[in-house]
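Each chain is listed here by its residues.
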Amino acid sequence: MKNKTRNDLLLIAFAAAAALVLWLSVLMFRTPGAQVLVTVNGEEVCRYPLGEALEQRLPAGDGYNLLVIRDGEAWVEEADCPDKLCVHQGKIRYDGQSVICLPHRLMVTVVGGERPGVDAVAGGPGG
Amino acid sequence: MRARRVALFGLLVALALVLSYAESLVPLSFAAPGVKLGLPNVAVLFALYRLGWRRAAVVSLLRVVLVSFLFGNAYSLMYSAAGAALSIMVMGLLWRTGRFGVTGVSVAGGIAHNIGQIAVAVCVLETGRLMFYLPVLVASGLGAGIGVGLLSAALIRRVRYPKGDAQR
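For every chain, the first residue of its written sequence is number 1, and the numbers climb from 1 along that sequence. Lettering for chains starts from A, numbering for ligands starts from 1, and both go in the order in which the items are written. Restriction of local features to residues with pLDDT of at least 70 applies here, the model being predicted, together with a cutoff of 80 or more for giving and counting side-chain atom pairs; totals for whole chains, interfaces and linings are based on all residues. Note: side-chain values were computed over all heavy atoms of the structure, leaving out hydrogens and water.

K.L.:
It is not clear to me how the sheet that holds strand S3 (residues 54-60) of chain A should be interpreted in this structure. Could you clarify?
P.N.:
Adjacent strands of a sheet pair through backbone hydrogen bonds, lying either parallel or antiparallel. Residue and element names in this part refer to chain A. Strands are treated as partners if at least two bridges between them are detected by DSSP. Secondary structure elements follow DSSP: runs of H or I of four or more residues count as helices, runs of E of two or more count as strands, with numbering from the N terminus. Reading across from one edge, S3-S4-S5 is the order of the 3 strands in this open sheet, with antiparallel pairing throughout. Pairing within the sheet leaves two strands with one partner each, and these edge strands are S3 and strand S5 (73-79). On average, each strand axis in the sheet is tilted by 25° relative to the strand beside it, whichever way the strands run. Lines fitted to C-alpha atoms define the axes here, with helix axes fitted over just the stretch in contact, and angles between the N-to-C directions of these axes take values from 0 to 180 degrees.

See below:
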């Protein structure tokens, strides 16, 4: 019984360390993005510069998502999807961050404009 | 004996179903899409320790199908099924080794569930960028797994039916 408790604690410590390492690596490798990429069903729909204020109604799935860009941040202000998870995901500004609306299969991603080649590889089929 | 087993199955699936509904009342999705408490895992862990991993898998997958039919859609079925399948596989393996307590098994299951879900999301949305969510998903799986594990351990210790632990 004692052994099991010890193994449980080891497993928990290992998982916590893994989460920490993953988190630090995300923090370390993130850079501010330059563009906002919108995809529906994995296909690019449009791109907007992150530096210019914008309010755009995006048709997706059988509804819409309202994309807002302001002060170098992008977010989904409102949507008519059933769960509204995209609205609750908040604002994004770093390269690779995204807001996802699963019911509409819509994804809003911040991409680094200065490295289009790298992004083309990273965003390819299957990631 | 057979009728009792059927009744027990029904009870556990119903319990998992109710717990699914209960956890849907606690929105945690601001952290990352799809983050949940994992309360239904209490029923699955109980099934695992009392009935064995095959029957626990049946309880888990039945719950996923029923919940998706009742509250979800085809996509939520895909995500939950992948999460539940990976979760029960990992929990079954750890349980079979006999070297981990309920909490350890639960933590591993919680993290596996989240990883299974994100893996499907990566395939559906065809992007690797979702890996940004990994730290949050591992951490939330860990935290939820500890809570659910402690709860399940207390339950398994106290409820002595069916008699004794399942054969590993």
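K.L.:
Please clarify how the sheet that holds strand S1 (residues 35-40) of chain A should be interpreted in this entry.
P.N.:
All names here are of chain A. Spatial strand order, S2-S1-S7-S6: 4 strands in an open sheet with antiparallel pairing. Of all the strands in the sheet, just strand S2 (43-49) and strand S6 (98-101) have a single pairing partner and so form its edges. Adjacent strand axes in the sheet meet at a mean angle of 15°, parallel and antiparallel pairs treated alike. The pairing of S1 with strand S7 (residues 106-111) spans 6 bridges and is antiparallel. Residue Val38 lies in a different strand from S7, and its bridge partner there is Val108.

K.L.:
Would you mind showing me how to read the packing of helix H2 (residues 41-51) of chain B against helix H3 (residues 53-71) of chain B here?
P.N.:
Residue and element names in this part refer to chain B. Interhelical geometry of H2 versus H3 gives an angle of 155° and a closest axis separation of 7 Å. Judged on the interaxial angle alone, H3 and H2 are roughly antiparallel. At the point where H2 passes H3, the crossing takes the right-handed sense. Contacts between H2 and H3 involve Val44, Ala47, Leu48 and Leu51 from the first element and Trp53, Arg55, Ala56, Val59 and Ser60 from the second. Amino acids are sorted into nonpolar (Ala, Val, Leu, Ile, Met, Phe, Trp, Tyr, Cys and Pro), charged (Asp, Glu, Lys and Arg) and polar (every other residue, Gly among them). Residue classes in the contact of H2 with H3 are distributed as 7 nonpolar, 1 polar and 1 charged. For classification purposes, angles smaller than 35 degrees are called roughly parallel, those larger than 145 roughly antiparallel, those between 65 and 115 roughly perpendicular, and all remaining angles oblique. What makes a crossing left-handed is the near helix being turned counterclockwise from the far one by less than a right angle; a clockwise turn instead makes it right-handed. In this description, contact between two residues means that some pair of their heavy atoms is separated by no more than 4.5 Å.

K.L.:
Please clarify how a nonpolar patch on the surface should be interpreted in this entry.
P.N.:
All names here are of chain B. Grouping into patches uses exposed residues only, defined as over 30% relative accessible area, and leaves out salt-bridged ones; the cut-off is 9 Å for like charges and 5 Å for nonpolar side chains (Val, Leu, Ile, Met, Phe, Trp, Tyr). The Shrake-Rupley method, run with a 1.4 Å probe, gives the accessible areas here. Residue values count only the displayed protein chains as cover. The working definition used for a salt bridge is a side-chain nitrogen of Lys or Arg within 4 Å of a carboxyl oxygen of Asp or Glu. The grouping of Tyr21, Leu25, Val26, Leu37, Val58, Leu62, Leu66, Leu70 and Phe71 at the surface amounts to a nonpolar patch, some 800 Å² of accessible area in total. The element best represented in the nonpolar patch is H3, accounting for 5 residues. For Leu37, the position within the fold is in the loop between helix H1 (2-24) and H2. By relative accessible area, which is 32% here, Leu37 ends up partly exposed. Note on classification: 1.4 Å probe, protein chains only; a residue is buried when its accessible area is under 20% of the maximum for its type, exposed when over 50%, partly exposed between these limits.

K.L.:
Even after reading the chapter, I still don't get the nonpolar core, so can you show me in this structure?
P.N.:
In summary, soluble globular proteins display a tendency toward joint burial of nonpolar side chains. Within the largest apolar cluster, 36 residues are counted, with the highest numbers of intra-cluster contacts made by B:Leu12, B:Leu45, B:Leu48, B:Tyr49, B:Met91 and B:Val105. Elements with a minimum of two residues in this core: helix H1 (2-29) of chain A together with H1, H2, H3, helix H4 (74-97), helix H5 (102-125) and helix H6 (134-158) of chain B. Ranked by residue count, the leading element in this core is H2(B), at 8 residues. With residues near it in sequence (within four places) discarded, B:Val105 still touches B:Leu45, B:Leu48, B:Tyr49, B:Met91, B:Leu94, B:Trp95 and B:Phe100. A:Val36, A:Cys46, A:Leu58 and A:Val110 belong to the second-largest nonpolar core, a separate cluster that totals 21 residues. Residues grouped as a nonpolar core are buried Ala, Val, Leu, Ile, Met, Phe, Trp, Tyr and Cys residues, joined through side-chain atoms within 4.5 Å.

K.L.:
Help me understand unusual backbone geometry in this model?
P.N.:
Excluding glycine, most residues fall at negative phi; most peptide bonds, likewise, are trans. Look at the link from B:Tyr161 to B:Pro162: it is a cis peptide, with omega at -10°. Summarising the element assignment, B:Pro162 is placed in the segment after H6. The backbone phi angle of A:Asn41 is positive, close to 60°, even though this residue is not glycine. At A:Arg105, a position not held by glycine, the phi torsion is positive, near 50°. Structurally, the position occupied by A:Arg105 is in the loop between S6 and S7.

K.L.:
Would you mind going over the packing of aromatic side chains with me for this structure?
P.N.:
Given two aromatic rings, their pairing is described by the distance between the two centres and the angle made by the two planes. Residue and element names in this part refer to chain A. Pairing of aromatic side chains requires ring centres within 6.5 Å, counting the rings of Phe and Tyr and the six-membered ring of Trp. Pairs whose planes differ by under 30 degrees are stacked, by over 60 edge-to-face, and all others tilted. Applying the stated criterion across every chain yields a total of 1 aromatic pair over all chains. Over the ring of Tyr94 we find Arg30; its NZ or CZ atom is 3.9 Å from the centre of that ring. Its end group placed over the ring of Tyr64, Arg57 keeps NZ or CZ at 3.9 Å from the ring centre. Counted as over-ring charges are cases with an Arg CZ or a Lys NZ within 6 Å of the ring centre that also lie within 35 degrees of the ring normal.

K.L.:
Explain the packing of H2(B) against H6(B) to me, please; I cannot follow it from the model alone.
P.N.:
Angle between the axes and distance between the axes: these two values describe a pair of packed helices. Residues and elements named next belong to chain B. Contact pair H2 / H6: the axes reach a minimum separation of 9 Å and the direction vectors enclose 45°. Put simply, H2 runs oblique to H6. In the crossing of H2 with H6, the sense of the turn from one axis to the other is right-handed. Note on element contacts: H6 touches H2 through Val148, Leu151, Ser152, Leu155 and Ile156, opposite Asn41, Val42, Leu45, Phe46, Tyr49 and Arg50. Of the residues belonging to the contact of H2 with H6, the class tally is 8 nonpolar, 2 polar and 1 charged.

Read these as layout, nothing more, since geometry by itself doesn't imply function.
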